[in-house]
Structures are given as structure tokens and as C-alpha cells.
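This is what each chain is made of:
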Amino acid sequence: MTERTHPESDPVHSAARQVGRIVELLDILWEQARNNIPPPYVPVSQLRVMYIVEGEDGIRMRDLTRLLSAAPPSVCRLVDRLQALGFIERLPSPDNGREVMLSVTGSGRDHLTRIRECRDQLLIQTLADMPFPKRTALAEGLAQFEQALADDPMLRARQDNRAAPIRPDVARSL
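Keep in mind that what you see is a predicted model, and the values were worked out from it rather than measured.

Enquirer: Just to check I follow, could you spell out the pattern of salt bridges for this structure?
Expert: In total, this model carries eight salt bridges according to the counting rule given. Of the charged contacts, one joins Arg116 and Glu54 as a salt bridge, the two residues approaching to 2.8 Å between their closest N and O atoms. On the criterion of sequence distance, the pair formed by Arg116 in helix H5 (residues 106-128) and Glu54 in helix H2 (residues 44-55) is long-range, its members being 62 residues apart. On the basis of relative accessibility, which here comes to 33%, the residue Arg116 falls in the partly exposed class. The closest approach of N and O atoms between Arg62 and Glu99, which form a salt bridge, is 2.2 Å. Linking Arg62 in helix H3 (residues 61-68) with Glu99 in the loop between strand S2 (88-92) and strand S3 (100-104), this pair joins segments that are 37 residues apart in sequence. Using a relative accessible area of 42% as the deciding quantity, one classes Arg62 as partly exposed. The class for Glu99 is buried, based on a relative accessible area of 14%. Through salt bridges with shared partners, one network takes in Arg60, Arg62, Asp63, Arg66, Asp95 and Glu99.

In C-alpha cells, the structure reads:
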């Protein structure tokens, strides 16, 4: 294998590994930060459901199941738990009485706001320690990375399987 094609020396592979490590560190950091948020504790799997439902208000349960690539009973249990917390509500579909639509409640939106504010504070503290030119370069790079994610065929395929496309900000939270 040549130097150019060797995965360890390839800049794309190197960047992918670095992004993966950053995602792992952010997962750890955010998990620790959630301990600073008032109860109730909401596991990541339930937060993912809340992010999707918030971004696609009125999403049908079957579309959520398809989007999560999960078994219907598993998604139903996730929604049950969120409904018991008062964060999600089930609504009958106006065009099909057998289908259920989901919506985030006011208290669910408040909880998501608290989580996002806590995350923002952690990121602001970290970014403030970076030199301005590096911060600017990072912002530009992240904007391009976000666009590449939005154009990713895998995310686009998920969008094509749904009646309404996922907004890019929702896709980021998956």
C-alpha cells in the first residue's frame, strides 16, 4: 500500500478519526453536564426522540419509527416514557384515526432549552480559550462540514423515506 492511500496518512481518514474523537468527548461532556440540569434525567435515546419531534411537530409515530430505524414497540416505549414525564403528547391524526401524531409539550420545550443552554455554556467556555483566528477557521470549517452532512446520501435517503424532509438542524441531532 502506498503512503498516499494508507488510511493513517490519508487526511480524510485522519479528519474522520479526529471528528469521531471530538464527538466522543462531547458525548462525555454533555452527559456530565446533564447532571447540572434539574430533574428529570432524560437518556440520550429519549432526547433524540424529543429533538426529532420538536423539529417535525406533528410527526406520525410510524415516520418516527422509520426515521429511528427502530422496532415499533421500542419507539412506543420511548414515547410512553416521554409522555409520562409530560414532555411529549400523542394526538390523533386528523386524516386517519388509527395513526398517532406526536408533539413536544411546553415543558418538553423548556427542558430542551435548559439542555441547550447548558451545552452552549460549555462550548462557549471552550471556544473562548481558543485564539480568534483558530476560532474563525473552526467556524468556517464547521459550516462546510454541516453542509456536507446535509448533503450526505444516507441522511438524504432518510429524508426521501418521509412525507416531509428533515430540517438540517434536526439531522444534526441524530
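Enquirer: In this structure, what is going on with the sheet that holds strand S1 (residues 59-60)? I would like to understand it.
Expert: In any sheet, the strands associate via hydrogen bonds between backbone groups, in a parallel or an antiparallel arrangement. The sheet built from three strands is open, its strands ordered S1-S3-S2 with antiparallel pairing. Every other strand in the sheet has two partners, leaving S1 and S2 as the edge strands with one partner each. Summarising the sheet, S1 and S3 pair through two bridges and their orientation is antiparallel. Note that in S3 the partner of Arg60 across the bridge is Met101.

Enquirer: How should the packing of H2 against H3 be read in this particular structure?
Expert: In a packed pair of helices, the relevant descriptors are the angle between the two axes and the axis-to-axis distance. Relative orientation of the contacting elements H2 and H3 amounts to 125 degrees, with a least axis distance of 11 Å. Here H3 runs oblique to H2, going by the angle between their axes. Regarding H2 and H3, the two cross each other, and that crossing is right-handed. Of the residues in H3, those in contact with Arg48, Val49, Ile52 and Val53 of H2 are Leu64, Leu67 and Leu68. In terms of residue class, the contact of H2 with H3 is built from six nonpolar, no polar and one charged.

Enquirer: Honestly, the environment of Thr105 in this entry has me stumped. Any pointers?
Expert: Structurally, Thr105 can be placed in the loop between S3 and H5. Here the alpha-carbon distance between Thr105 and Glu54, two residues 51 residues apart in the chain, equals 9.0 Å.

Enquirer: For this particular structure, what's the right way to read the side chain of Arg119?
Expert: As for its position among the elements, Arg119 is in helix H5. Buried Arg119, no salt bridge; nearest opposite-charge side chain is Asp27, N-O distance 6.7 Å. Here Tyr51 takes part through its side chain, which lies 2.8 Å from a polar atom of the side chain of Arg119.

Enquirer: Teacher, can you tell me more about the nonpolar core here?
Expert: A general trend in soluble globular proteins is that nonpolar side chains are found buried together. Within the largest apolar cluster, 26 residues are counted, with the highest numbers of intra-cluster contacts made by Val49, Val53, Leu64, Val79, Ile88 and Leu102. Put simply, the parts of the chain that give this core at least two residues each are H2, H3, helix H4 (72-84), S3 and H5. Not counting residues up to four positions away in its chain, the partners in contact with Leu102 are Val53, Asp57, Gly58, Ile59, Met61, Leu64, Val79, Ile88, Glu89 and Arg90.

Enquirer: Is there a simple way to explain a nonpolar patch on the surface in this structure?
Expert: Judged by side-chain polarity, Val19, Val23, Leu127, Leu138, Leu142, Phe145 and Leu149 come together as a nonpolar surface patch covering roughly 510 Å² of accessible area. Residue placement: Val19 occurs in helix H1 (residues 11-34).

Rules used in this analysis
- Residues numbered from 1 in each chain as written.
- Predicted model: local features only at pLDDT ≥ 70, side-chain atom pairs only at ≥ 80, totals over all residues.
- Heavy atoms only, no water.
- Salt bridge = Lys/Arg side-chain N within 4 Å of Asp/Glu carboxyl O.
- Helix = DSSP H or I, 4+ residues; strand = E, 2+ residues; numbered from the N terminus.
- Buried < 20%, exposed > 50% of the residue type's maximum accessible area, 1.4 Å probe, protein only.
- Pairing = 2+ DSSP bridges.
- Axes fitted to C-alpha atoms, helices over the stretch in contact; angles between N-to-C directions.
- Parallel < 35°, antiparallel > 145°, perpendicular 65-115°, else oblique.
- Left-handed = near helix turned anticlockwise from the far one by under 90°.
- Contact = heavy atoms within 4.5 Å.
- Nonpolar A, V, L, I, M, F, W, Y, C, P; charged D, E, K, R; others polar.
- Lys, Arg positive; Asp, Glu negative; His and termini not counted.
- Polar contact = N/O pair within 3.5 Å; in protein donor to acceptor, adjacent residues only side chain to side chain.
- Core = buried A, V, L, I, M, F, W, Y, C linked by side-chain atoms within 4.5 Å.
- Patch = residues over 30% accessible without salt bridge, like charges linked within 9 Å, V, L, I, M, F, W, Y side chains within 5 Å.
- Areas by Shrake-Rupley, 256 points an atom, 1.4 Å probe, with all protein chains shown as cover.

This is a description of form; function is not addressed.
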